[in-house]
Amino acid sequence: MALPSQNGAEKPPANGNATAKVGPHPGFIFSSNQYSSETKVRRMLKDNGCDPAREDNYRLQGVQLIDNVRKHLHLPVRTFDTACTYFHKFRLNFRDAEYNYQDAALASLFVACKVEDTIKKSKDILAAAYNVKNPDKPAASDDKIFDSPGRVIIGLERLILETIGFDFRTRYPQKLLVKVVRSIFGRADGKDFFNVAYAMCIDMYKTFVPIKRTTFSMVMGVVELTARMRGGQHLDAIQAFAAQHSQHSREAIMETMLDLLDLYVQHHKSTKIGAMFDLNKFIDIKIRLNQDLDRAAQPRHLFTCNRCELEDPTPMTPGSATSPATNSSWPPPAAAEASSVRRTARGQDGTMRFVFDPDAARVEQDAAGKYFKEELEEYEVEMEEEIPPPQHFRDRDDGHGDRRGPGGRGGRDGYRGGYRGRGDPRRGGPYGNHRGERHYRGKGRYH
């Protein structure tokens, strides 16, 4: 037993086995990840219960809404790139049943405006989305109908910041696209080529390519696919330019082009390039690229795992009607507003911290983990147990009344008669034997 000391602290016992004091919870560390593989993207979609067809429609409509609003507000293309990146990452971490995808798109644009120093108020973005949807009935940004949706946007802003881990690094392929086209075609000869490639670069943000590939891989994939769409012109010069730079891999370029071709084949009318070329042209190029992969025995996606192939996910619930892009009758119901800002509670026994360097986060976890590691030891203890009597002795009805447990009246180990005078000399012993004429029946009556 530990004895209290004068200062109130407990002294360790004499045997030296002091009780270890448990310190505070070490908390949780979150480190942002700039890139994701196709396998990880599919796994996150499956965990969220997404239907592939419905998820594609929500992604296309959300990116198109961001593009329309940023054009209405005359925002630069870098703000569009950042907003789409945040939008994709947010939707991979949260279900559409809990957060409306259009509210998430406007909140992503709101955060991107702050990051890219093109600051716009939440009501300005909501008013622009409302006016794009209802051009005949424009509304000012100070209208009271934007008060409730404005709170929803601000509530989603915090979730987007946590999703990206407060890591505001993004990529702008349009800036590098200008330099690559000028390096290959010159300043004057590549104008028509650049117009097609620039539109394709905007369509690329309707896929998950911006969160999977580096800037140079995205640009080279767009440039080569544009050359193939234009009949293969300058294709050799583009491939020679790509061979001179080692900032990419051929497999990454192939995956980028096939992802774009999947977009153009499946959603031909929802893209900018789809109206410029025939659908059969996209299909022919896709077939040739797949044949090249088969001859080279290369996988369709990088970092794939055959064991991690996903099953068909369950259907996803439809989007809510709280966004100005779909519903102009505001303010929304209180339940819809609350559902747009709720979130699954994280562990309440620790603090979430955001670390930018993954190596530093790993070192910190290793240093703090040894103090919270629980080590268990196994001991083998030999104990003597009393062997019960055989089963036929316990189950046999010996005619001495009801068996109601040890010590009970008429039980096996209970009282079976008086202290004296209950025996029968003919049965041997002063207290009788197991076999006798007298026995208890009913409630202790002699018969």
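Residues numbered from 1 in each chain as written. Predicted model: local features only at pLDDT ≥ 70, side-chain atom pairs only at ≥ 80, totals over all residues. Heavy atoms only, no water.

Engineer: If you had to explain the packing of aromatic side chains to someone new, which residues and values would you point to?
Structural biologist: Following the criterion strictly, the structure yields ten aromatic pairs and no others. With centroids separated by 5.7 Å and ring planes inclined at 45°, the aromatic side chains of F194 and Y198 adopt a geometry described as tilted. Of this pair, F194 and Y198 both sit in helix α8 (residues 191-203), four residues apart, roughly one helical turn. The partly exposed category is assigned to F194, whose relative accessible area is 22%. Since its relative accessible area comes to 29%, Y198 is described here as partly exposed. Here the aromatic residues F90, F94 and Y99 are joined through ring pairs into a cluster of three or more. Lying over the aromatic face of F80, R70 brings its terminal NZ or CZ to 5.4 Å of the ring centre. (Phe/Tyr/Trp six-rings, centres within 6.5 Å; stacked < 30°, edge-to-face > 60°. Helix = DSSP H or I, 4+ residues; strand = E, 2+ residues; numbered from the N terminus. Buried < 20%, exposed > 50% of the residue type's maximum accessible area, 1.4 Å probe, protein only. Lys NZ or Arg CZ within 6 Å of the ring centre and 35° of its normal.)

Engineer: Describe unusual backbone geometry, with residues and values.
Structural biologist: We note that D117 has phi near 60°; this positive angle belongs to a residue other than glycine. Mapped onto the secondary structure, D117 falls in the loop between α4 (101-115) and α5 (122-133). The phi torsion at F166 lies on the positive side, around 55°, for a residue other than glycine. Within the secondary structure, F166 sits in the loop between α6 (147-163) and α7 (173-185).

Engineer: Could you give an account of the packing of α4 against α6, with specific residues and numbers?
Structural biologist: Across the interface, α4 lies against α6 with an axial gap of 9 Å and an inter-helix angle of 70°. Relative to α6, the element α4 lies roughly perpendicular. Crossing of α4 against α6: the hand is right-handed. Contacts between α4 and α6 pair D103, A104, L106, A107, S108, F110, V111 and K114 from the former with V152, I153, L156, E157, I160 and L161 from the latter. For the contact of α4 with α6, the class distribution of residues is ten nonpolar, one polar and three charged. (Axes fitted to C-alpha atoms, helices over the stretch in contact; angles between N-to-C directions. Parallel < 35°, antiparallel > 145°, perpendicular 65-115°, else oblique. Left-handed = near helix turned anticlockwise from the far one by under 90°. Contact = heavy atoms within 4.5 Å. Nonpolar A, V, L, I, M, F, W, Y, C, P; charged D, E, K, R; others polar.)

Engineer: Residues and numbers for the confidence of the model for the protein chain, please.
Structural biologist: Predicted confidence across the protein chain gives a mean pLDDT of 77, with 71% of residues reaching 70 or more. For residues 328-347, every residue scores under 50 in pLDDT, and the model assigns this stretch 41 contacts once sequence neighbours within four places are set aside. Low pLDDT, under 50, characterises residues 417-447; the stretch is placed with 34 contacts to residues that sit more than four places away or in other chains. (pLDDT = per-residue confidence, 0-100.)

Engineer: Describe the environment of L73, with residues and values.
Structural biologist: If you trace the backbone, L73 turns up in the loop between α2 (52-72) and α3 (77-93). Looking at L73, the relative accessible area reads 16%, which means it is buried. Between the alpha carbons of L73 and K120 there is a distance of 8.9 Å; along the sequence they are 47 residues apart. With residues up to four places along the chain from it excluded, the contact list for L73 reads K120, D124, I125 and A128.

Engineer: So, the pattern of salt bridges: which residues are in play, and what are the values?
Structural biologist: Taken as a whole and assessed by the stated rule, the structure comprises 23 salt bridges. E255 is paired through a salt bridge with R213; the nearest N and O atoms lie 2.9 Å apart. A residue pair is termed long-range when its members are at least 10 positions apart, and E255 in helix α11 (residues 250-266) and R213 in the loop between α8 and α9 (215-229) qualify at 42 residues. Both residues of the pair, E255 and R213, count as buried. (Salt bridge = Lys/Arg side-chain N within 4 Å of Asp/Glu carboxyl O.)

Engineer: Describe the side chain of H268, listing the residues and the values that go with them.
Structural biologist: Here H268 is to be found in the loop between α11 and α12 (279-296). Apart from the residues lying within four places of it in its own chain, the contact partners of H268 are L263, G274, F277, D278, L279 and F282.

Engineer: Describe in detail the environment of H248, supporting the description with residues and values.
Structural biologist: Along the chain, the position of H248 falls in the loop between α10 (235-243) and α11. By relative accessible area, which is 18% here, H248 ends up buried. When the C-alpha positions of H248 and S217 are compared, they lie 5.6 Å apart, and in sequence the two are 31 residues distant.

Engineer: For α7, give the residues involved together with the corresponding values.
Structural biologist: Under the 1.5 Å per step criterion, the end-to-end length of α7 is 18 Å for 13 residues, consistent within 8% with the ideal 18 Å. Those residues of α7 that fall on the buried side of the exposure criterion are P173, Q174, L177, V180, V181, I184 and F185. Viewed end-on, α7 has its buried residues packed into an arc of 115°, placing them on one side of the element. Of the exposed residues in α7, those oriented more than 90 degrees away from the buried face are K175, K179 and S183. Those residues of α7 that are buried are in contact with α3, α8, α9 and α10. (Expected span 1.5 Å × (residues − 1). Arc of directions from axis to C-beta.)

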